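Chain by chain, the residues run as shown.
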Amino acid sequence: MAKPQAGTYFWQGNEACAEGAIVAGCRFFAGYPITPASEILEHMALRLPQNSGIAIQMEDEMAALGAVIGASWTGAKAMTATSGPGFSLMQELLGYAFMTETPCVVVDVQRAGPSTGQATKCGQGDVMQARWGIHGDHASIVLSPNSVQEMFELTIQAFNLAETYRTPVVLLADEIVAHMRERMTVPSLEQMTIAERKKPNSTEKQFFGLKEVAPMPSVGEGFNVAVTGSTHDEQGYRFTADPLVHRRLVGNLVEKIRSNTEKIVDFESYKTDDCDVGIVCFGCTSRAVYEAVELAEEKGIKVGFLRLKTIWPFPEKNVNSMAQTAHVVIVPEMNLGEILYEVDRAVQGAAKVVPLNKIGGGEMITPEELLAEIVGSVKAS
Amino acid sequence: MTEAFTIRKYLRDLTLPFCAGCGCVTVMNCFLRAVHELGHNDLRKFVFCSGIGCSAWIPSPYFEADSIHTTHGRSIPVALGVKLMRPDLNVVVFGGDGDLAGIGLSHLVHAARRNLDIMVVMVNNMIYGMTGGQVAPTTPLGVKTTTTPYGSFDPPLDTVRLVATAGASYAARWTTMHFGQLKEAMKVAVTTSGFSFIEAVSPCPTAFGKRIGLKDAAETLRWFKENSLPLRQAGKKKKKELTDKIVIGEFARRERPTFGEHLHQTLTEAEKTAEKN
């Protein structure tokens, strides 16, 4: 048994993530143990060697992402997985991967922070770190799964985006989605789209910072590619003081993601064009939203929601258009307010934006708590 | 077998960035001569990884070769990723003492423990040169640097001994004064299977020499010569007598299964298991 066969499985989220990576073509994994992400490393250690790949446990998280970057430059699709404390350590090399346009996937299974926090309990406090954790100017692609099925599908999507846009992609999971088991389906290989990076032809010399995504050579192919995290021109040569080279490089790196926002953005929406109350949600928290909407509808309240599968780039147009019909937009998050501010910015005063926050003990926001907020906001408006 | 040695055939047409008297140029010269004498007329079979610091600029982007210039201290993990996926390539890391024995020390020790089949050249100038002369984990006790204005109170690390103890197949220390030995060591390191490590003690006239009263590179090299002690002689001396001495020679040269061999065995096992299922 190599790649997972098409069929129905009862997998854990982390297991589904690992299997998704194998389907996507991942052939190198490096990680460091951390709750609640360790199962991805364990499963890759078991499964990658059966699929002509290598999985290795490194000495720390910097080494893990470093090895992934090295492997990616040999042409291999590569991934690492961690949780908050390890994700903090990886920011340095995440920035390097962005600057050098190294495709790779970094899974962050969120737990309750800051610091060691509650290591085994769910949290959603890394939303802004996933967007802004890298120092300096950059753009980020961050996906948010809300089921075991999506741990599988969005891992594949993360690889596809990483290879297409030649950039690191973060799969921002959470402890609940990663540790639960549920039924899921592996489609047949023909039903899945697998993207590959653009390779240069033998005469090409420009591998970096182009307006369109630059072709990526591998080491050992005779291109004599010079890779550096310093500001560099299209051939990879360092320009550590030239203002124009810096503006051009960083501008193009940011723009290749910004200008493709509409292609990258993915979400699930429900009655967003005909609702009194709108909800913007993501990850495990969205699972309570489904039930809360049903309960509210029983009471005759029209509720719509936008469930973000892509958190970054943020689908601000879609959030804004929901706010044109809704009087109130509720933002439930297992943190003390992160995506809330982005929603507020996108709504631009068209509706009242109401936070619903809960942290500690890994306790989810319940459908009843959400319903109370929905009912309360209808009364208030 | 080979053409005559010209350093140009291995270099891009760029101006080198090093200060006058910098040992990085000697290290570059030794390495490229070693490569030449081993019969490589180009660097096609090599991949270079480096971190942050002056010596990280030896290969990047000056070598006409693939080079990955990483963040501070992380060259070895990146080299590991390259080597595991392309075991057919020679992966060589250049770095300074701050890069490899400071911020990246853990990776260095683990690579030696694994006996990862790469070569690491540590250019030890006993200082953080690029940032302007701050104390390094290799600075001798008592030296006044910009961050130890009253003298360093921080005993230096014997990096080559540490790497040898951790399990490297090959570990040697020479100074740039010992050009011939350094070049020969490079040849051994390139051809050794397993982890090979060379510490090249190297002058930094700009940020270190002047701090210990040595006005130029020539004086530093004289200082290296006078204070170097071959390993065999050092063994007969008392610890006290070795203070301020640079012990030179081969600290490890042994046959030991490489990381690649262990990994290959494991992968074969996994394939068999997969077939059975």
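Residues numbered from 1 in each chain as written. Chains lettered and ligands numbered in written order. Predicted model: local features only at pLDDT ≥ 70, side-chain atom pairs only at ≥ 80, totals over all residues.

1. Digging into the overall build of chain A
- Across its full length, chain A holds 13 helices and 16 strands.
- In terms of C-alpha radius of gyration, chain A reaches 21 Å, essentially the compact-globule figure of 21 Å for 381 residues.
- In terms of principal-axis extent, the alpha carbons of chain A reach across some 70 × 50 × 40 Å.
- A burial count over chain A gives 56% of its 381 residues as buried.
- In chain A, the proportion of contacts linking residues at least 24 apart, taken out of those at least 6 apart, comes to 76%. (Helix = DSSP H or I, 4+ residues; strand = E, 2+ residues; numbered from the N terminus. Rg over C-alpha atoms; globule rule 2.2 N^0.38 Å. Buried ≥ 20, exposed ≤ 12 C-beta atoms within 10 Å, placed from the backbone. Contact = placed C-beta atoms within 7 Å.)

2. Some points on the sheet that holds strand 5 (residues 170–175) of chain B
- In space, the nine strands of this open sheet follow the order 10(A)-2(B)-1(B)-3(B)-4(B)-6(B)-5(B)-8(B)-7(B), with mixed pairing throughout. The two strands at the open ends of the sheet, each matched to only one other strand, are strand 10 (226–228) of chain A together with strand 7 (228–230) of chain B. Across this sheet, the average inter-strand angle for adjacent strands is 20°, counted without regard to direction.
- Bridge count between strand 7 of chain B and strand 8 (residues 246–253) of chain B: three bridges; the pairing is parallel. Each residue of the ladder has a partner; that of L229(B), found in strand 8 of chain B, is V247(B). (Pairing = 2+ DSSP bridges. Axes fitted to C-alpha atoms, helices over the stretch in contact; angles between N-to-C directions.)

3. Describing the domain arrangement of chain A
Residues and elements named next belong to chain A.
- When its domains are assigned, chain A resolves into domain 1 (7–191) and domain 2 (268–380).
- Each of domain 1 and domain 2 was reduced to a C-alpha centroid, and the two centroids are 27 Å apart.
- Across the boundary between the two partners, domain 1 contributes 23 residues, which contact 22 residues of domain 2.
- If you list the elements that add at least two residues to the side of domain 1 that touches domain 2, you get strand 6 (118–122), helix 5 (127–132), strand 7 (141–143), strand 8 (168–174) and helix 7 (175–179).
- At four residues, helix 5 tops the list of elements feeding residues into the side of domain 1 that touches domain 2.
- Its residues assigned to classes, the side of domain 1 that touches domain 2 comprises twelve nonpolar, seven polar and four charged. (Domains from an automatic or database assignment. Nonpolar A, V, L, I, M, F, W, Y, C, P; charged D, E, K, R; others polar.)

4. A look at unusual backbone geometry
All names here are of chain A.
- Here the residue pair G113 and P114 is connected by a cis peptide bond, since its omega of 5° sits within 30 degrees of zero.
- Inspection of the secondary structure assignment puts P114 in the loop between strand 5 (104–112) and strand 6.
- The residue K271 is not glycine, and still its phi comes out positive at about 45°.
- Although it is not a glycine, Q348 adopts a positive phi angle of roughly 55°.
- Within the secondary structure, Q348 sits in the loop between helix 12 (339–347) and strand 16 (352–357).
- Judged by the 11 C-beta atoms lying within 10 Å of it, Q348 falls in the exposed class.

5. What to know about the environment of V331(A)
Residues and elements named next belong to chain A.
- Take V331: it is sitting in strand 15 (residues 328–333).
- On the basis of neighbour counts, which here come to 25 C-beta atoms within 10 Å, the residue V331 falls in the buried class.
- Expressed as a C-alpha distance, the spacing of V331 and F314, which sit 17 residues apart in the sequence, is 14 Å.
- Not counting residues within four places of it along the chain, the set of residues in contact with V331 comprises V280, I339, L340, V343, V353, P355 and L356.

6. Observations concerning the nonpolar core
- By size, the foremost hydrophobic cluster in this structure holds 211 residues, and its most contacted members are V68(A), V107(A), V329(A), V121(B) and F197(B).
- No other element matches helix 6 (residues 148–165) of chain A, which puts ten residues into this core.
- Aside from chain neighbours lying at most four places away, what touches V121(B) is V27(B), F31(B), V93(B), F94(B), I198(B) and A200(B). (Core = buried A, V, L, I, M, F, W, Y, C linked by C-beta atoms within 7 Å.)

7. A closer look at the interface of chain A and chain B
- With 36 residues of chain A at the interface, the matching set in chain B holds 31 residues.
- Mapped onto the side of chain A that touches chain B, the elements with two or more residues apiece are strand 2 (26–31), helix 3 (61–72), helix 4 (84–99) and strand 10 of chain A.
- Per-element tally for the side of chain A that touches chain B: the top contributor is helix 3 of chain A, with eight residues.
- Among the residues making up the side of chain A that touches chain B, the classes are represented as 22 nonpolar, ten polar and four charged.
- In this sheet, strand 2 (residues 66–69) of chain B lies alongside strand 10 of chain A in parallel orientation, the contact comprising three bridges.

8. Points about the packing of helix 1 (residues 13–24) of chain A against helix 6 of chain A
Residues and elements named next belong to chain A.
- Interaxial distance between helix 1 and helix 6 falls to 7 Å at its minimum, and their mutual angle equals 35°. Helix 6 is crossed by helix 1, and the crossing has right-handed handedness. Taking contact as the criterion, the partners of G13, A16, C17, E19, G20, A21, V23 and A24 in helix 1 are, on helix 6, V148, M151, F152, E153, T155, I156 and F159.
- Residue composition of the contact of helix 1 with helix 6, grouped by class: ten nonpolar, three polar and two charged. (Left-handed = near helix turned anticlockwise from the far one by under 90°.)

9. Topic: the sheet that holds strand 12 (residues 277–282) of chain A
All names here are of chain A.
- Across the sheet, five strands lie side by side as 11-13-12-15-16; this open sheet has mixed pairing. Looking at the sheet topology across the chains shown, the edges are occupied by strand 11 (267–270) and strand 16. For this sheet the average axis-to-axis angle between neighbouring strands, irrespective of direction, equals 15°.
- As defined by bridge partners, strand 12 adjoins strand 13 (residues 303–308) across six bridges and the pair is classed as parallel. Along strand 13, the bridge assignment pairs C281 with R307.
- Most of the contacts of helix 13 (residues 367–380) go to strand 15, to which it runs at about 160°, and overall it touches strand 12, strand 13, strand 15 and strand 16.

10. Remarks on the confidence of the model for chain B
- Confidence along chain B averages 95 in pLDDT terms, with 99% of residues attaining 70 or more.
- Predicted complex metrics record ipTM = 0.97 and pTM = 0.98. (pLDDT = per-residue confidence, 0-100.)

11. What about helix 11 (residues 316–325) of chain A?
All names here are of chain A.
- Every buried residue of helix 11 is accounted for by V319, M322 and A323. Angular distribution of buried residues about the axis of helix 11 spans 100°; they occupy a single face of the element. Exposed side chains of helix 11 directed beyond 90 degrees from the buried face belong to K317 and Q324.
- Of the surrounding elements, those touching the buried residues of helix 11 are strand 12, strand 13, strand 15 and helix 12. (Arc of directions from axis to C-beta.)

12. Digging into the pairing of strand 5 of chain A
Residues and elements named next belong to chain A.
- Most of strand 5 sits out of view: nine of its nine residues are buried.
- The pairing of strand 4 (residues 77–82) with strand 5 spans four bridges and is parallel. When the sheet's bridge partners are listed, T82 is paired in strand 5 with D108.
- In terms of handedness, the path from strand 4 via helix 4 over to strand 5 forms a crossover that is right-handed. (Right-handed = clockwise from strand over helix to strand, strands pointing away.)

13. Observations concerning helix 1 of chain A
Residues and elements named next belong to chain A.
- With twelve residues, helix 1 ought to run about 16 Å at 1.5 Å a step, and its terminal C-alpha atoms sit 16 Å apart, in line with that.
- In terms of burial, helix 1 is largely enclosed, as twelve of its twelve residues are buried.
- If you check which residues of helix 1 are buried, you get G13, N14, E15, A16, C17, A18, E19, G20, A21, I22, V23 and A24.
- Immediately beyond the C-terminal end of helix 1, within one or two residues, lies G25, with a positive phi of roughly 105°. (Expected span 1.5 Å × (residues − 1).)

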